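# Understanding the architecture of this molecule
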Amino acid sequence: MSNHTTPTSRRRFLLSAAAIAVVGATLRSKAMASETTTTKTVRANGVEIATEAFGDPSAPPVLLIMGAMASMLWWPEDFCRRIAASGRYVIRYDNRDTGLSTKFAPGKPPYSMDEMAQDAIAVLDAYGIDKAHVVGMSLGGMIAQILALSAPGRVASLTLVSTTPIGLDLDLPPPSPAYMEHAATGESVDWSDRAQATGFIAGEARVIASTAHSHDAAKTLAFIERDHDRSGGYLSATNHFMLTGGEGVKGKLPGLNVPLTVIHGSADPIFQIVHGKAITDAVNGSTYLVIDGGGHELHEDDWGIVIPAIVKNSAAR
């Protein structure tokens, strides 16, 4: 066999090798960027908001807003890093009365969902972000809608997970009887007692879990105990049960003018699946993704649906 190589073939080989090297360096750079983490305490609106960011600050920003009683840890770290690895700058934060953010005396919160939407704006301001792709889950989805409708210039796209439409006069079904039965037991919980509080939340996680995937009760309880201890307890977080707001955006949802993706589990017992469908019916051009058997949770086995949907929607503009 001849070892003779023409100048042309040599140049082609060198160009191919260079291209492979560039691609490899780019992939390594993205992987390293997704591992970068920044923490920041945002002081605004009379409160302190604990935040954490993942990835390259020059990448398109994605702001994650979590639901009732849930700190930012309920957006799992690996979930955030996977979005960051897709070329996004991901920010999660503790809502008021959760995690390391400001807490108020339990009983009657001196704020509404509208103030919580202002907290989201304060987080963006603190990171020097003019406009972000916003992802909201459950109560966080309601806050995200208020944000998008009251400050449209700050939202580039909206992804809503397991939530209900805000500001529409609709007759939507209540939570399932099984969930209501569980929720009723919350009245007898001593929220200052660690075992009772974590036990109730663990029971809630079981009731709202996916019907398509297994529920790891031990792993869930361990996570809840860690979240509880980081937060210093769940007593103040019960304020979220009494939140109001959204009056200023009544009837405005059909006029939403950003790319919208709605993700909803078919077995969600809190906001039954028609809640998600009602959002997409109200907003022309929206995308509707149903997770078969999905509950009111971010089950890891469903990340293969949720993460690509977030990435795709955040590439719309």
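Source: prediction; values computed, not measured.

Turning next to the overall build of the protein. For the protein, the helix and strand inventory stands at nine helices and eight strands. When the accessible surface of the protein is totalled, it reaches about 14700 Å², and 56% of it is carbon and sulfur.

As a further point, take the side chain of glutamate 204. When you line up the elements, glutamate 204 lands in helix H6 (residues 194-207). Within the local environment of glutamate 204, its side chain forms a polar contact with the side chain of tyrosine 179, the two groups lying 2.9 Å apart. Once residues lying within four places of it in the same chain are set aside, the contact partners of glutamate 204 are Tyr179, His182 and Ile270.

Among the eight residues in strand E2 (residues 47-54), seven count as buried, and that is most of the element. Taken together, the eight bridges between strand E1 (residues 37-44) and E2 define a ladder with antiparallel strand orientation. Opposite lysine 40, over in E2, you have threonine 51 as the bridge partner. Here E2 pairs with strand E4 (residues 89-93) via four bridges, running antiparallel. Residue pairing for E4: glutamate 52 is matched across the bridge by arginine 92.

With that settled, consider the packing of aromatic side chains. Evaluated as defined, the whole model comprises six aromatic pairs. Judged by centre distance (5.4 Å) and plane angle (70°), the rings of phenylalanine 79 and tryptophan 303 are edge-to-face. On the criterion of sequence distance, the pair formed by phenylalanine 79 in helix H2 (residues 77-85) and tryptophan 303 in helix H9 (residues 303-313) is long-range, its members being 224 residues apart. By the burial criterion, phenylalanine 79 is buried, and tryptophan 303 matches it. Centroid distance phenylalanine 104 to tyrosine 111: 5.4 Å. Interplanar angle 45°. Geometry classified as tilted.

Mapping proline 60 onto the fold places it in the loop between E2 and strand E3 (61-65). Overall, proline 60 belongs to the partly exposed group, its relative accessible area being 35%. Remark: the alpha-carbon pair of proline 60 and isoleucine 129, spanning 69 residues in sequence, is separated by 9.6 Å. Contacts of proline 60, omitting those with residues within four sequence positions, involve Gly87, Arg88, Tyr89 and His133.

Here the focus is H2. Among all positions of H2, only Phe79, Cys80, Ile83 and Ala84 are buried. Projected down its long axis, H2 carries its buried residues within an arc of 135°, all on one side. With its phi angle positive at about 95°, glycine 87 sits one or two positions after the end of H2.

Attention now goes to the side chain of arginine 92. With respect to the helices, strands and loops of the structure, arginine 92 is situated in strand E4. Polar side-chain contacts of arginine 92 include one of 2.6 Å to the backbone oxygen of tryptophan 75. Those residues in contact with arginine 92 that lie beyond four places of it in its chain are Ala50, Thr51, Glu52, Phe54, Leu64, Met72, Leu73, Trp75, Pro76, Glu77 and Cys80.

Cut-offs used in this document
Residues numbered from 1 in each chain as written. Predicted model: local features only at pLDDT ≥ 70, side-chain atom pairs only at ≥ 80, totals over all residues. Heavy atoms only, no water. Helix = DSSP H or I, 4+ residues; strand = E, 2+ residues; numbered from the N terminus. Areas by Shrake-Rupley, 256 points an atom, 1.4 Å probe, with all protein chains shown as cover. Polar contact = N/O pair within 3.5 Å; in protein donor to acceptor, adjacent residues only side chain to side chain. Contact = heavy atoms within 4.5 Å. Buried < 20%, exposed > 50% of the residue type's maximum accessible area, 1.4 Å probe, protein only. Pairing = 2+ DSSP bridges. Phe/Tyr/Trp six-rings, centres within 6.5 Å; stacked < 30°, edge-to-face > 60°. Arc of directions from axis to C-beta.

None of the figures reported here should be taken as evidence of function without further support.
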